[in-house]
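Chain residues, written in single-letter form:
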Amino acid sequence: MITATKLSYTYPKSNKTAVRDISFDIREGEIFGFLGPSGAGKSTTQKILIGLLSGFEGDVNIMGKALTEWKEKLYEHVGVMFEFPNHFTKLSAIENLKLFQSLYSNKSQDLLLLLEKVGLQEDTNTRVANFSKGMKTRLSFIRSILHNPSLLFLDEPTSGLDPMNARLIKQMILDLRAQKKTIFLTTHNMHDAEELCDRVGFIADGELVVVDTPQGLRNKHSEHQVEIRYLDGQKNLQSKTFPLPNLANETEFFRIIQQYSVQSLQSKQPSLEDIFIHYTGKSLQ
């Protein structure tokens, strides 16, 4: 669905290259996460891919056609959600959606049903000026999918949402993947990336340092150990770590299981943030 080859971009009047010689591909029906801290080049890359920034170096192909050949027809196939919601605040929620609906020739989804799916059915006729940031974020999300696009660009889709609504949006994203939609997701939220993404790319200082599946990255950097936490004879919480490959021969491990109350047993694998720091020396925040 997307192929970027040796993509570079420098903003006018800037001495720093925002994106430097990055290459990647995104497959149909895949959620591809661009993972990096603020200012890493995530949003710049997205803006290039959706045609908002011209003058880039390298090649970009969208759905088998060069980006420069698409022009405005691209937007019939693409939905975009920006990190900072931007709406017509004097209009109501439904009026905002109807306005954007009128821009597309594609048959639109049921707007009232979309509002209901994100819990905004009671605010259908409320002016967006009265919406909270979380409500605006949810409205932005359904605005990006109302024309049933094949390709979605979602920039920090759970930003500003409480846990319940974040879970709702993430489930809708997974449902879209099940419908074979392709999703380019930019985020610095490692939990979103782990839950949603089929593959992730780590970007820092404009450079793409690695692309792999979340589990693939964890396996490569796993300590291959298992940690057991248990209550000893005095009911104090204790923990011990054993090498996973030789676990069957660890007599101490089996003694603990037999004699004490086991509280948890888990393999020790690094988080995506741990791995990101390993590759870049930077935090995701």
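Our subject in this report is the structure included herewith. (Residues numbered from 1 in each chain as written. Predicted model: local features only at pLDDT ≥ 70, side-chain atom pairs only at ≥ 80, totals over all residues. Heavy atoms only, no water.)

### Quick notes on unusual backbone geometry
Backbone geometry at Asp21 places phi at a positive 55°, although glycine is not the residue there. One can find Asp21 in strand 2 (residues 17–26). Classification of Asp21 by relative accessible area gives partly exposed; the value is 43%. One non-glycine residue, Lys235, adopts positive backbone phi at about 65°. Looking at the secondary structure, you find Lys235 in the loop between strand 11 (225–231) and strand 12 (237–243). Given the relative accessible area of 62%, Lys235 is considered exposed. (Helix = DSSP H or I, 4+ residues; strand = E, 2+ residues; numbered from the N terminus. Buried < 20%, exposed > 50% of the residue type's maximum accessible area, 1.4 Å probe, protein only.)

### As for the packing of helix 8 (residues 214–221) against helix 10 (residues 272–280)
As a packed pair, helix 8 and helix 10 sit with axes 10 Å apart at the nearest point and diverge in direction by 65°. Judged by the inter-axis angle, helix 8 sits roughly perpendicular to helix 10. Of the two elements, helix 8 crosses helix 10, and the hand of that crossing is left-handed. On helix 10, the residues that touch Pro214, Leu217, Arg218 and His221 of helix 8 are Leu272, Ile275, His278 and Tyr279. Residue composition of the contact of helix 8 with helix 10, by class: five nonpolar, two polar and one charged. (Axes fitted to C-alpha atoms, helices over the stretch in contact; angles between N-to-C directions. Parallel < 35°, antiparallel > 145°, perpendicular 65-115°, else oblique. Left-handed = near helix turned anticlockwise from the far one by under 90°. Contact = heavy atoms within 4.5 Å. Nonpolar A, V, L, I, M, F, W, Y, C, P; charged D, E, K, R; others polar.)

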